[in-house]
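Structure at a glance
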Amino acid sequence: MIKNILFDFDGTLLNTNDVVIESFQHTYEHFLGHRVPVSKITSNFGEPLQITLKREIPDVDTDVAVDYYRTYQVNEACRFAKEFPGVREMLEVLKEKGFRIAIVTSRTAVSTWNFLKQFGLTEFFDEVISCDDTVMHKPDPAPILCALSKLGAEKDESIMIGDGAFDIKCANNAGVKSALVGWRITGDSNPLVKECEADYEVETPADVISLVENIQIA
């Protein structure tokens, strides 16, 4: 049976979609002189910021672009964040039932904890694995393997739940089960992430509870 639940953060636990989109658009507009299609931004959801900006704005020092993005997000775009209906209730039930819960995110630790504190969600998580914790990032298995190590968890007793290809491929590479959330706005594929496949799909946060309670280990 499943004992450990690993969640992506952005677009899965917290609706930061508009936060991320507006931060990228502001950064593109400043350095490139134009905005880009939203689908271009959402296709990269789950990828570490440094990697995206190094590729998308190659003529600008990546640290400068990252700092510009993060400054805007902290000062302006963070106001766009909001809760997904049902996520808090889902976390309460999972915690009461004794599941160990971790976050595996490409966001920085400081930013992740700031959002968790802002929305009063810190009590639900046993571990938070951020881009600060591993050299390699999603879709590499390192972030999930780091989470399992910190939890003292077995692969076959764990599941990764996320909203995009980077999450699912990370789970595939790590050898753990995965579920794709139905409240995502990301596309089902990304040209940088090949041949990923979720084991399950969940339409609502309540479905997560039913799923993890009913998965049987072969």
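Refer to the preceding data block for the structure.
Read on for a plain summary of the structure. (Residues numbered from 1 in each chain as written. Predicted model: local features only at pLDDT ≥ 70, side-chain atom pairs only at ≥ 80, totals over all residues. Heavy atoms only, no water.)

Quick notes on helix H4 (residues 62–75)
Note on helix geometry: an α-helix contains 3.6 residues per turn, so any two residues three or four positions apart are oriented the same way. Spelled out, the test is: Numbering of helices and strands runs from the N terminus; a helix is a DSSP stretch of H or I covering at least four residues, while a strand is a stretch of E covering at least two. Take the number of residues in a helix, subtract one, and multiply by 1.5 Å to get its expected span. Using a 1.4 Å probe on the protein chains alone, a residue whose accessible area is under 20% of its type maximum counts as buried, one over 50% counts as exposed, and one in between counts as partly exposed. Read the arc as the range of directions from the helix axis to the C-beta atoms. When checking whether two residues touch, look at their non-hydrogen atoms; a contact exists if any pair is within 4.5 Å.
Here H4 spans 20 Å end to end across 14 residues, near enough to the 20 Å set by a 1.5 Å rise per residue. Within the sequence span of H4, burial applies to Thr62, Ala65, Val66, Tyr69, Tyr72 and Gln73. The arc enclosing the buried residues of H4, seen along the axis, measures out at 135°, which places them on a common side. Facing away from the buried side of H4 by more than 90 degrees, the exposed set consists of Asp63, Val74 and Asn75. The inward-facing, buried residues of H4 contact helix H1 (17–32), helix H3 (49–56) and helix H6 (109–118).

Brief notes about the sheet that holds strand S8 (residues 200–202)
Threshold: In this analysis, strands are considered paired if DSSP registers two or more bridges between them. With axes taken as lines fitted to C-alpha atoms, and helix axes fitted only over the stretch in contact, angles between N-to-C directions fall between 0 and 180 degrees.
Reading across the sheet, the six strands line up as S5-S4-S1-S6-S7-S8 and stay open at both edges, with parallel pairing between neighbours. Two strands lie at the open edges of the sheet, namely strand S5 (127–129) and S8, each paired on one side alone. Taken pair by pair, the neighbouring strands of this sheet meet at an average axis angle of 25°, ignoring direction. Pairing between strand S7 (residues 177–181) and S8: three bridges, direction parallel. Paired with valine 181 across the two strands is valine 202, which belongs to S8. Sheet strands in contact with helix H7 (residues 142–151) are strand S1 (4–7), strand S4 (100–104), S5 and strand S6 (158–162), and its direction is about 160° off that of S5. Packed on one face of the sheet, helix H9 (residues 205–214) meets S1, S6, S7 and S8 and runs near 145° to S8.

Concerning the pairing of S6
Counting buried positions along S6 yields five of five residues, so the element is predominantly enclosed. Both faces of S6 are covered, namely the face carrying Ser158, Met160 and Gly162 and the face carrying Ile159 and Ile161. Taken together, the four bridges between S1 and S6 define a ladder with parallel strand orientation. Bridged to isoleucine 5 within S6 is isoleucine 159.

Some thoughts on a negative patch on the surface
We apply this condition: Two joining distances apply to patches: 9 Å for like charges and 5 Å for nonpolar side chains (Val, Leu, Ile, Met, Phe, Trp, Tyr), and every residue must have over 30% relative accessible area and no salt bridge. Accessibility throughout is a Shrake-Rupley quantity obtained with a 1.4 Å probe, and a residue counts as covered only by protein chains that appear here. Salt bridges, as used here, are contacts in which a Lys or Arg side-chain nitrogen is within 4 Å of a carboxyl oxygen on Asp or Glu. A residue counts as positive if it is Lys or Arg and as negative if it is Asp or Glu; His and the chain ends are not included. Taken as the charge centre is NZ of Lys, CZ of Arg, CG of Asp or CD of Glu, depending on the residue.
Among the surface-exposed residues, Glu89, Glu92, Glu96 and Glu123 lie close enough to one another that they form a single negatively charged patch. Mapped onto the elements, glutamate 89 comes out in helix H5 (residues 87–96). Judged by relative accessible area, glutamate 89 falls into the partly exposed class, the value being 46%.

Quick notes on H3
Within H3, the full set of buried residues consists of Leu49, Thr52, Leu53 and Glu56. Along the axis of H3, the buried residues cluster in a sector spanning 90°; they form a single face. Contacts from the buried residues of H3 go to H1, helix H2 (38–42) and H4.

Structural notes on the nonpolar core
The tendency in soluble globular proteins is for nonpolar side chains to be buried as a group. What counts is decided by this rule: Definition of nonpolar core: a set of buried residues of the types Ala, Val, Leu, Ile, Met, Phe, Trp, Tyr and Cys, connected through side-chain atoms within 4.5 Å.
Within the largest apolar cluster, 36 residues are counted, with the highest numbers of intra-cluster contacts made by Phe7, Leu91, Leu94 and Phe125. Counting 15 residues, the second largest nonpolar core, distinct from the first, contains Leu6, Ala147, Ala171 and Ala174.

Quick look at the packing of aromatic side chains
The geometry of two aromatic rings is summed up by the distance between their centres and the angle between their planes. To keep it simple, the criterion reads: Whether two aromatic rings pair depends on their centres lying within 6.5 Å, for rings of Phe, Tyr and Trp, where Trp uses its six-membered ring; planes under 30 degrees apart make the pair stacked, over 60 edge-to-face, and the rest tilted.
In the structure shown here, the tally under the stated rule is five aromatic pairs. With a centroid separation of 5.8 Å and an interplanar angle of 25°, the aromatic rings of phenylalanine 24 and tyrosine 28 are classed as stacked. In this pair, phenylalanine 24 and tyrosine 28 both sit in helix H1, four residues apart, roughly one turn of the helix. With respect to class, phenylalanine 24 is no different from tyrosine 28; both count as buried. Both rings, one in phenylalanine 31 and one in tyrosine 68, keep their centres 5.3 Å apart while their planes meet at 75°; by these two values the pair is edge-to-face. Remark: tyrosine 68 occurs in helix H4 and phenylalanine 31 occurs in helix H1; sequence separation between them is 37 residues. Assessed through its relative accessible area of 22%, phenylalanine 31 is described here as partly exposed. Among the aromatic residues, those joined into a ring-pair cluster are Phe24, Tyr28 and Tyr69.

A few points about the packing of H7 against helix H8 (residues 165–174)
The line we're drawing: In this classification, the charged set is Asp, Glu, Lys and Arg, the nonpolar set is Ala, Val, Leu, Ile, Met, Phe, Trp, Tyr, Cys and Pro, and all remaining amino acids, among them Gly, are polar.
Between H7 and H8, the shortest axis-to-axis distance is 8 Å and the interhelical angle comes to 65°. When H7 is examined against H8, the residues Pro143, Ile144 and Leu145 are found in contact with a partner set consisting of Cys170, Ala171 and Ala174. The class makeup of the residues in the contact of H7 with H8 is six nonpolar, no polar and no charged.

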